[in-house]
Amino acid sequence: MKTKLNHLFYTFLSLALSSQKLGMNLMRIAILVIFVWIGGLKFFNYEAEGIVSFVANSPFMSFFYTNPTPEYKAYKLKEGEFDEGKYNWHKENNTYGFSHGLGMLIIAIGVLVFLGMFFPKVGLLGASLAIIMTIGTLSFLVTTPEVWVSDFGSGEFGFPLLSGAGRLVIKDTAILAGCVLLLSDSARSILGKTKSKS
């Protein structure tokens, strides 16, 4: 009985070991789905308005807005809400224009990462860009006050209590780790082809 269990266990380990390539390709598909979906949402006003606090507080992105100041707080909208005055402010602020450009970039990176399944050099570029992008997103944990629970009197606020916005950002740690693995996988494929040619 023990020998049979050991055989089953080692069979499972062999299958798990052989699933590495499948796992890499599933990671590419997952990043494609996430990036195309999130990038596509950037063409909707509610999503564009929702990222204003991140962009306005970022030293790397705030220059894309006409009014990258705390003034944005007065023009916050709930998801699905419409207010013509606030909408016009966001239009003048370049909220929607920036979001559309960001959406196109995110979709392009997702497609490049996915194409790494067939073209390692393209995948290397995609994974590199995705790493840079996720590091930029994770920087919001430092630059955006709204990622932490605010003090509304409960006594529970600030670090390490993530708000909804903070919980949205922290998931990029997993995407970053996945992209580092994909970068390594693309590099391995490129080096393998180079060695086989020489």
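For clarity, every value in this text was computed on a predicted model and none was experimentally measured.

K.L.:
Which parts of the structure should I look at to understand the packing of aromatic side chains?
P.N.:
Aromatic ring pairs are defined here through the distance separating the ring centres and the angle between the ring planes. Per the stated rule, a full pass over the model turns up 11 aromatic pairs. Their ring planes at 70° and their centres at 5.6 Å tell us that Phe9 and Tyr10 sit as a pair that is edge-to-face. Joined through ring pairs, the aromatic side chains of Phe63, Phe64, Tyr65 and Phe98 make up one cluster.

K.L.:
Explanation requested: a nonpolar patch on the surface in the structure shown.
P.N.:
On the surface, a nonpolar cluster with roughly 520 Å² of combined accessible area is contributed by Leu22, Leu26, Ile29, Val33 and Trp37. Examined against the element boundaries, Leu22 turns out to sit in helix H2 (residues 20–41).

K.L.:
Any chance you could explain the nonpolar core here in plain terms?
P.N.:
Phe35, Ile51, Tyr65, Phe98 and Val169 are the most contacted members of the largest nonpolar core, which totals 29 residues. Sorting the residues of this core by element identifies H2, helix H4 (52–57), helix H6 (95–115), helix H7 (120–138), helix H8 (140–143) and helix H10 (172–197) as the ones contributing at least two each.

K.L.:
What is the right way to look at the layout of surface pockets in this model?
P.N.:
If a probe the size of a water molecule is rolled over the atoms, the empty space left behind becomes visible. One number sums up the size of the largest pocket: a volume of about 1,100 Å³. Where the lining of the largest pocket is concerned, the elements lending two or more residues are H2, helix H3 (45–50), H4, H6, H7, helix H9 (164–170) and H10. Each residue belonging to the lining of the largest pocket can be placed in one class, and the counts come to 27 nonpolar, seven polar and nine charged.

K.L.:
What exactly am I supposed to notice about the packing of H6 against H7 here?
P.N.:
A pair of packed helices is characterised by two quantities: the angle between their axes and the separation of those axes. Look at H6 against H7: their axes get within 7 Å of each other, and the N-to-C directions meet at 140°. The angle between the axes of H6 and H7 places the two elements in the oblique class. Along this stretch, H6 crosses H7, giving a crossing that reads as left-handed. Two secondary-structure elements touch here, H6 through Ile106, Ile109, Leu112, Val113 and Leu115 and H7 through Val122, Gly123, Leu125, Gly126, Ala127, Leu129, Ala130 and Met133. In terms of residue class, the contact of H6 with H7 is built from 11 nonpolar, two polar and no charged.

K.L.:
Explain helix H1 (residues 2–18) here, please?
P.N.:
Each α-helix turn comprises 3.6 residues. Residues three or four places apart therefore point the same way. Taking 1.5 Å of rise per residue, 17 residues should cover 24 Å, and H1 covers 24 Å from first to last C-alpha, within 8% of that figure. Of all 17 residues that make up H1, zero are buried, and the element is exposed over most of its length.

K.L.:
Sorry if this is basic, but what is going on with the confidence of the model for the protein chain here?
P.N.:
Detailed reading of the predicted coordinates is not advisable wherever pLDDT falls low. Confidence along the protein chain averages 92 in pLDDT terms, with 98% of residues attaining 70 or more. In the model of the protein chain, H1 stands out as the element of lowest mean pLDDT, 80, in contrast to H6, which has the highest, 98.

K.L.:
Honestly, the side chain of Ser53 in this entry has me stumped. Any pointers?
P.N.:
Within the secondary structure layout, Ser53 lies in helix H4. Taking relative accessible area as the criterion, Ser53 reaches 9% and is therefore assigned buried. Setting aside anything within four residues of it in sequence, one finds Ser53 in contact with Tyr72, Thr144 and Glu146.

K.L.:
Sorry, what's going on with the environment of Thr137 here?
P.N.:
As for its position among the elements, Thr137 is in helix H7. In sequence terms Thr137 and Val169 are 32 residues apart; their C-alpha atoms lie 6.5 Å from each other. Other than its neighbours up to four places away in sequence, Thr137 contacts Val169 and Asp172.

K.L.:
Got a minute to help me understand the pattern of salt bridges in this structure?
P.N.:
When the charged atoms of two side chains with opposite charge come close together, those side chains can pair. One pass over the structure, following the stated rule, counts six salt bridges. Taking the shortest distance from any N to any O, the salt bridge between Asp185 and Arg188 comes out at 3.5 Å. Placement of the pair is Asp185 and Arg188 together in helix H10, with a separation of three residues, close to one helical turn. The class for Asp185 is buried, based on a relative accessible area of 7%.

Analysis parameters
- All residue numbers here refer to positions counted from 1 along the written sequence of the relevant chain.
- This being a predicted model, a pLDDT of at least 70 is required before a residue's local features are given, and a value of 80 or more before pairs of side-chain atoms are given or counted; all residues contribute to the totals for chains, interfaces and linings.
- The basis for every side-chain value is the complete set of heavy atoms in the structure, and neither hydrogens nor water enter the calculation.
- Between rings of Phe, Tyr and Trp, where Trp is taken as its six-membered ring, a pair exists when centres lie within 6.5 Å; planes separated by under 30 degrees are stacked, by over 60 edge-to-face, and by other angles tilted.
- What goes into a patch is any residue over 30% in relative accessible area without a salt bridge, connected to like charges within 9 Å or, for nonpolar side chains (Val, Leu, Ile, Met, Phe, Trp, Tyr), within 5 Å.
- The method behind every accessible area is Shrake-Rupley, applied with a 1.4 Å probe, and residues are considered shielded solely by the protein chains displayed.
- Each reported salt bridge corresponds to a side-chain nitrogen of Lys or Arg within 4 Å of a carboxyl oxygen of Asp or Glu.
- The secondary structure listing takes helices from DSSP runs of H or I that are at least 4 residues long and strands from runs of E that are at least 2 residues long, numbered from the N terminus.
- Put simply, buried Ala, Val, Leu, Ile, Met, Phe, Trp, Tyr and Cys residues joined by side-chain atoms within 4.5 Å make one nonpolar core.
- Residue burial is assigned from relative accessible area. The probe radius is 1.4 Å, only protein chains are included, and a residue is buried under 20% of its type maximum, exposed over 50%, and partly exposed in between.
- Using a grid of 1 Å spacing that covers the protein atoms alone, one calls a set of points a cavity when a 1.4 Å probe fits there but cannot get out, and a pocket when the set is open and has protein on both sides within 12 Å along at least five of seven lines; lining residues are those with an atom within 4 Å of a point.
- Grid points are joined across faces, edges and corners, and a volume is the space filled by probe spheres set on the points.
- Three residue categories are used. Nonpolar comprises Ala, Val, Leu, Ile, Met, Phe, Trp, Tyr, Cys and Pro, charged comprises Asp, Glu, Lys and Arg, and polar comprises the others, including Gly.
- For every element, the axis is a line fit to its C-alpha atoms; helices are fit only across the contacting stretch, and the angle between N-to-C directions ranges from 0 to 180 degrees.
- We call two directions roughly parallel when the angle between them is under 35 degrees, roughly antiparallel when it is over 145, roughly perpendicular when it lies between 65 and 115, and oblique otherwise.
- By convention the crossing between two helices is left-handed if the near helix lies anticlockwise of the far one by an angle smaller than a right angle, and right-handed if it lies clockwise.
- Contact between two residues is taken to exist if any of their heavy atoms lie within 4.5 Å; hydrogens are not considered.
- One less than the number of residues in a helix, times 1.5 Å, gives the span that helix is expected to have.
- As a per-residue measure, pLDDT tells how confident the predictor is, with possible values from 0 to 100.

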